Amino acid sequence: MCGIVGVIGNRNATDILMQGLEKLEYRGYDSAGIFVTNEAGKSKLVKSVGRIEDLRDKLGIDVSGTAGIGHTRWATHGKPSVENAHPHTSASERFVLVHNGVIENFREIQAEYLSTDDFKGQTDTEIAVHLIGKFVEEDGLSVLEAFKKALSIIEGSYAFALMDTENPDMIYVAKNKSPLLIGLGEGYNMVCSDAMAMIRETSEFMEIHDKELVLVTKDNIAITDYQGNPINRASYTAELDLSDIGKGTYPFYMLKEIDEQPTVMRKLITTYANEDGSMKVAPEIVKAVQEADRIYVIAAGTSYNAGFGAKMMLEALTQTPVELGVASEWGYGMPLLSKKPFFIFLSQSGETADSRQVLVKVNELGLPSLTVTNVPGSTLSREATYTMLIGAGPEIAVASTKAYTGQIATLAFLAKAVGEADGLQAAYDFDLVKELSLVAQSIEATLSEKEMIAELVKKLLLETRNAFYIGRKQDYFVSMEASLKLKEISYVQCEGFAAGELKHGTISLIEKGVPVIALLSDPTVAAHTRGNIMEVVARGASTIVIAEESVSKPEDDIIVSNVHPYLSAISMVIPTQIIAYETSMQRGLDVDKPRNLAKAVTVE
Ligand code: G6P
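Just so you know, these numbers come straight off a predicted model, no measurement behind them.

Cut-off values and rules
- Residues numbered from 1 in each chain as written.
- Predicted model: local features only at pLDDT ≥ 70, side-chain atom pairs only at ≥ 80, totals over all residues.
- Heavy atoms only, no water.
- Helix = DSSP H or I, 4+ residues; strand = E, 2+ residues; numbered from the N terminus.
- Rg over C-alpha atoms; globule rule 2.2 N^0.38 Å.
- Buried < 20%, exposed > 50% of the residue type's maximum accessible area, 1.4 Å probe, protein only.
- Contact = heavy atoms within 4.5 Å.
- Areas by Shrake-Rupley, 256 points an atom, 1.4 Å probe, with all protein chains shown as cover.
- Lys, Arg positive; Asp, Glu negative; His and termini not counted.
- Charge placed at Lys NZ, Arg CZ, Asp CG, Glu CD.
- Axes fitted to C-alpha atoms, helices over the stretch in contact; angles between N-to-C directions.
- Parallel < 35°, antiparallel > 145°, perpendicular 65-115°, else oblique.
- Left-handed = near helix turned anticlockwise from the far one by under 90°.
- Salt bridge = Lys/Arg side-chain N within 4 Å of Asp/Glu carboxyl O.
- Phe/Tyr/Trp six-rings, centres within 6.5 Å; stacked < 30°, edge-to-face > 60°.
- Lys NZ or Arg CZ within 6 Å of the ring centre and 35° of its normal.
- Near = heavy atom within 4 Å.
- Polar contact = N/O pair within 3.5 Å; in protein donor to acceptor, adjacent residues only side chain to side chain.
- Pairing = 2+ DSSP bridges.
- Right-handed = clockwise from strand over helix to strand, strands pointing away.
- Domains from an automatic or database assignment.
- Buried area = accessible area lost by both parts, 1.4 Å probe.

Within the chain one finds 19 helices and 25 strands. Relative to its length of 604 residues, the chain is compact, with a C-alpha radius of gyration of 25 Å against a globular reference of 25 Å. Reported as C-alpha extents along the three principal axes, the dimensions of the chain are approximately 75 × 55 × 45 Å. Expressed as a percentage of the 604 residues in the chain, the buried residues total 60%. Taking the contacts inside the chain whose residues are at least 6 apart along the sequence as the reference set, 70% of them involve residues at least 24 apart. Of the roughly 23100 Å² that the chain leaves accessible, carbon and sulfur atoms contribute 49%. For the chain, the distance from the average site of its 56 positive side-chain charges to the average site of its 81 negative ones is 3 Å.

Printed below as a string of structure tokens:
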């Protein structure tokens, strides 16, 4: 979490930092700050609680410079406050540091080295910059030696950008586990948590790997390992489209991203299918999955739910059991694995620290893995054996929509390719190109019902504190994602429940007016779910029934057009995305940046 940006050698440093922070706000937005310095050595540090616009209001007109570092925060140590906002300074205020990550041994460092220091806030970062300051000012080390010594002591995750107010023509950079990239400009250089935030200035980037130290000046990048051995690294050009990261005519990113889903489906068809309908999935990936006796899908949040959405299809088409693993649990306790496991990491951002720690273990075990992600060149993509891109275009709203549907569709191409390679009739019979086109149409039809859905929300969800989604089989998995979406952006406490399980305890929470939203797409269980709807109605619940046409009744509230059962997790989730969006809007909440959340969670 948290976003870092730094620039050196550009007259518009303040502007670049502020623009960069705006693009990084999805990583955290409870406070922010920048440090800028000019050629005459005059510098300024400005910090603010709240959004980047609040920081902008505090800047004033005299904050200009040629170099600086900035930070947007998602609080881990210490509440959101000006004192805890980054950049942090050393005891003498000579050194200025921004940090993304968690320093696990900060208390020990404080006790051993800094017991007499006073601190302004409660962050682990302030300890780190005091430590560097102490090594320089009390122990007489050079800044580089001090930084290195601090890095040898600090344990945990970090992306650091450090400046020395007495020698402001260099940014000292290091990273471990947390993402950080160099951006190369004409006569200036940058450092940033992601490429998107630098794309206005440059399209040329250089990776930094874990435990590398980088000295960034306006015309040079020097990378070494922590022992000081130089590392040569070629830069690369990223083809990112600046227009992709705008809202266009939309009031909110989330609405734009919901609406983009038919396009994402059609784009995936051209990415992963040939014109004759055969699959265009890399043969080495297909082979690796064919060789597996079990597929382990590891993910967090919405991506975890997408794994469930794809499970039935993956199993049916590959005839291989699929097990889901929640990343934050598997990192600490890997269950007994099968003899030939294959790991699939699902991650919109490709940066989720919880998923990455599982991947690190998988790599240590020498096991094959595939990352399905929306972000080319992301950490999980670089470190897995294989990558399949969703290609959904940047997803900026914190609540994920098009990445969920894109992930399931991408896995459909993989599943069909593996099934066909295995000669399975079910895979040949599944005309994915046709079926996904129908999904795109189904999404469009549901999107045209936004106003009607808004009315339902007004009637049932505007005031409530809690709600339930219920469904069976595939619809149960969708109900998990549907309830997560509602929780995330409307703060309604919502649970996704297996419809038949509700009566085994949780039905005690049903009372007059509690909204229960039922999902029905599967004819084999629709009647049973309707029975469960009757049970909650009998206890006073207010219901919304979302039914696929194939199982619908005239009195149902939202009808979703028919799609292949393997893909119903895509079509059935669309009305629930609109429900969440509308509930948030009608409650006057910040749809794109809900409280307490961040888009890319880069701490464990
Ligand atoms: C955060 C976001 C969620 C997201 C999850 C996993 O918690 O707020 O929306 O689903 O991370 O992110 P990933 O990028 O790995 O899909």
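Turning to the packing of helix H9 (residues 301-318) against helix H13 (residues 402-421), a few remarks are in order. The interhelical angle for the contact between H9 and H13, taken along N-to-C directions, is 20 degrees, at an axis separation of 9 Å. Considered as vectors, H9 and H13 are oriented roughly parallel to each other. Considering only the axes of H9 and H13, their crossing is right-handed. Touching Thr 302, Ser 303, Asn 305, Ala 306, Gly 309, Ala 310, Met 313, Leu 314, Leu 317 and Thr 318 of H9 are Tyr 404, Gln 407, Ile 408, Leu 411, Ala 412, Ala 415, Lys 416, Val 418 and Gly 419, all from H13.

A pair can form between side chains of opposite charge whenever their charged atoms are brought close. Counted according to the given criterion, the structure contains 31 salt bridges. For Lys 593, the salt bridge is made with Glu 25, and the minimal N-O distance between the two is 3.3 Å. In this pair, Lys 593 sits in the segment after helix H19 (568-586) while Glu 25 sits in the loop between helix H1 (13-24) and strand E2 (31-37), placing the two residues 568 residues apart along the sequence. Among the residues examined, Glu 25 registers a relative accessible area of 7% and is labelled buried. Salt-bridge contacts for Glu 435 lead to Lys 434; the nearest nitrogen and oxygen are separated by 3.9 Å. By relative accessible area, Glu 435 is classed as buried at 11%. Within the structure, one salt-bridge network assembled from shared partners comprises Lys 175, Asp 210, Arg 356 and Glu 383.

Before going further, it helps to examine the packing of aromatic side chains. Throughout the structure, instances matching the rule amount to 15 aromatic pairs. Each ring, one from Phe 468 and one from Phe 497, has its centre 6.5 Å from the other, and the planes form 70 degrees; the classification is edge-to-face. Within this pair, whereas Phe 468 is found in strand E21 (residues 466-471), its partner Phe 497 is found in strand E22 (residues 493-498), the two being separated by 29 residues in sequence. The ring of Phe 135 has Lys 149 sitting right over it, with the charged end atom 4.5 Å from the ring centre. Lying across the ring of Tyr 491, Arg 595 places its NZ or CZ 3.8 Å from the centre.

Within the structure, the ligand sits among 13 residues, and Ser 303, Ser 347, Gln 348, Ser 349 and Thr 352 are positioned closest to it. In this structure, an oxygen atom belonging to the ligand sits 2.5 Å away from a side-chain N or O atom of Ser 303. Between an oxygen atom of the ligand and a side-chain N or O atom of Ser 349, the distance comes to 2.6 Å. For the ligand, whose free accessible area comes to 390 Å², the fraction covered by protein is 89%.

A few words on the pairing of strand E23 (residues 515-520). Regular strands show a simple pattern: their side chains alternate between the two faces of the sheet. Most of E23 sits out of view: six of its six residues are buried. Burial of E23 is two-sided: the residues Pro 515, Ile 517 and Leu 519 facing one way and the residues Val 516, Ala 518 and Leu 520 facing the other way are all buried. Across three bridges, E21 lies against E23 in parallel orientation. Across the sheet, residue Tyr 469 finds its bridge partner in E23, namely Ile 517. Strand direction decides the pairing type here: E23 and strand E24 (residues 542-548), joined by six bridges, are parallel. Within E24, the position partnered with Ala 518 by the bridge is Val 545. Since E23 and E24 lie parallel, the crossover through helix H18 (residues 526-538) that links them has a hand, and here it is right-handed.

In this structure, strand E9 (residues 181-184) lies alongside strand E11 (residues 204-207), joined through three bridges in antiparallel fashion. Bridge pairing links Gly 183 to Phe 205 in E11. Pairing between E11 and strand E15 (residues 236-237): two bridges, direction antiparallel. Following the sheet pairing, Glu 204 is matched in E15 by Thr 237.

So, about the sheet that holds strand E17 (residues 322-326). If you trace the five strands from one edge of the open sheet to the other, you get E17-E16-E18-E19-E20, paired in parallel fashion. At either margin of the open sheet sits one strand with a lone partner, and together these are E17 and strand E20 (386-389). Neighbouring strand axes in the sheet, compared pairwise and without regard to direction, differ in orientation by 20 degrees on average. Contacts from H9 reach strand E16 (294-299), E17 and strand E18 (341-347), with the element oriented near 170 degrees to E17.

Taken domain by domain, the chain consists of domain 1 (2-243), domain 2 (246-447) and domain 3 (449-591). Taking only C-alpha atoms, the centre of domain 1 and the centre of domain 2 are 34 Å apart. For the pair domain 1 and domain 2, the summed buried area comes to about 720 Å², and 49% of that belongs to carbon and sulfur atoms. Of all residues in domain 1, Tyr 26, Pro 179 and Glu 207 give up the largest surface area on contact with domain 2, accounting jointly for 38% of the area buried on that side. Our count for the contact surface shared by domain 1 and domain 2 stands at two salt bridges. Between Arg 382 and Glu 207 there is a salt bridge; the shortest N-O distance is 3.7 Å.

What follows deals with the packing of helix H7 (residues 261-272) against helix H15 (residues 432-447). Their axes nearest at 8 Å, the elements H7 and H15 cross at an angle of 170 degrees. The pairing of H7 with H15 is recorded here as roughly antiparallel in orientation. Packed against H7, whose contacting residues are Gln 261, Pro 262, Met 265, Arg 266 and Ile 269, the element H15 presents Val 433, Leu 436, Ser 437, Val 439, Ala 440, Gln 441, Ile 443, Glu 444 and Leu 447 at the interface.

Strand order in the open sheet formed by seven strands is E5-E6-E7-E8-E12-E13-E14, with antiparallel pairing between adjacent strands. In this open sheet, the two strands that pair with only one neighbour each are strand E5 (88-89) and strand E14 (230-231). Inspection of the sheet shows strand E7 (residues 156-164) paired to strand E8 (residues 171-176) by five bridges, in the antiparallel sense. Its bridge partner being in E8, Met 163 is matched across the sheet by Ile 171. Across the face of the sheet, helix H4 (residues 124-137) comes into contact with E5, strand E6 (95-103) and E7 while running at roughly 135 degrees to E6.

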